[in-house]
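Summary of the model geometry
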Amino acid sequence: MANSTSNFDRRANHLLRSIQLCGGCVPLHSLQCKVSNSVIQTLLDKELVQVQNTGCGFLLEIAEDF
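Below or above, wherever it landed, is the structure these notes cover. Numbers given for residues are sequential positions, taken from 1 along each chain in its written order. Only residues with pLDDT of 70 or above have their local features reported here, since the model is predicted, and side-chain atom pairs are shown and tallied only from 80 upward, although totals for entire chains, interfaces and linings are computed over all residues. The side-chain numbers reported here are obtained from all heavy atoms of the structure, hydrogens and water having been left aside.

**Focus on the overall build of the protein chain**
- Helix and strand labels come from DSSP, where a helix needs a run of H or I of at least four residues and a strand needs a run of E of at least two; each type is numbered from the N terminus. For the protein chain, the count of helices and strands is 3 helices and 3 strands.
- Starting at the N terminus, the α and β elements of the protein chain follow one another as α-β-α-α-β-β.
- A globule of 66 residues ought to have a C-alpha radius of gyration of about 11 Å, and the protein chain, at 12 Å, matches this closely.
- With respect to the three principal axes, the spread of C-alpha positions in the protein chain is 40 × 25 × 20 Å.
- In this scheme, a residue with accessible area under 20% of its type's maximum is buried, one over 50% is exposed, and one in between is partly exposed, where area comes from a 1.4 Å probe on protein chains only. Of all 66 residues assigned to the protein chain, the portion counted as buried reaches 30%.
- Long-range contacts, defined here as pairs at least 24 residues apart, represent 53% of the contacts in the protein chain between residues at least 6 apart.
- Roughly 4,600 Å² of accessible area belongs to the protein chain as shown, and the carbon and sulfur atoms make up 53% of that amount.
- This count recognises Lys and Arg as positive and Asp and Glu as negative, with His and chain-terminal groups excluded. For this purpose, a charge sits on NZ of Lys, CZ of Arg, CG of Asp or CD of Glu. Across the protein chain, the mean location of the 5 positive side-chain charges is 16 Å away from that of the 6 negative side-chain charges. Throughout, radius of gyration means the C-alpha value; the globule benchmark is 2.2 Å times the number of residues raised to the power 0.38. Note on contacts: a residue pair qualifies if any of its non-hydrogen atoms lie within 4.5 Å across the two residues. For the area figures, the Shrake-Rupley method with a 1.4 Å probe applies, and any residue is considered shielded solely by the protein chains shown.

Dropping the structure here:
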């Protein structure tokens, strides 16, 4: 069980680093086919990222407090 948790945390950390490398925000639709929704939801729950509605889509961006 600990192994699956560490894999999940590793995927969440990888996603967070990827967003940082892309300038702090990425279109949400570009991630949904590459990353599970539960990883995205975990980062949202931890308030490490936030979703912004641009009017033309949604951006997943790093929270300003992070």
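There is more to say after this.
**Structural notes on the side chain of Glu-61**
- Among the secondary structure elements, Glu-61 is positioned in strand S3 (residues 58-62).
- Residues within four places of Glu-61 in sequence aside, it is in contact with Gly-24, Cys-25, Leu-48, Val-49, Gln-50 and Gln-52.

**Re the environment of Gly-24**
- Mapped onto the elements of the fold, Gly-24 is located in the loop between helix H1 (2-21) and strand S1 (25-27).
- A relative accessible area of 18% means that Gly-24 is categorised as buried.
- On a C-alpha basis, the gap between Gly-24 and Val-35 in space is 17 Å, while along the polypeptide they are 11 residues apart.
- With residues near it in sequence (within four places) discarded, Gly-24 still touches Ile-19, Leu-60, Glu-61 and Ile-62.

**Let's talk about the nonpolar core**
- To define a nonpolar core, start from buried Ala, Val, Leu, Ile, Met, Phe, Trp, Tyr and Cys residues and group those joined through side-chain atoms within 4.5 Å. Counting residues in each nonpolar core, the largest one holds 16 residues, and the members touching the most others are Leu-15, Ile-19, Ile-40 and Leu-60.
- Where this core is concerned, the elements lending two or more residues are H1, helix H2 (28-31), helix H3 (37-45) and S3.
- Every residue in contact with Ile-19, bar those within four places of it in the chain, is listed here: Gly-24, Cys-25, Val-26, Val-49, Leu-60 and Ile-62.

So, to be careful, I would describe these as geometric facts and stop short of saying anything about function.
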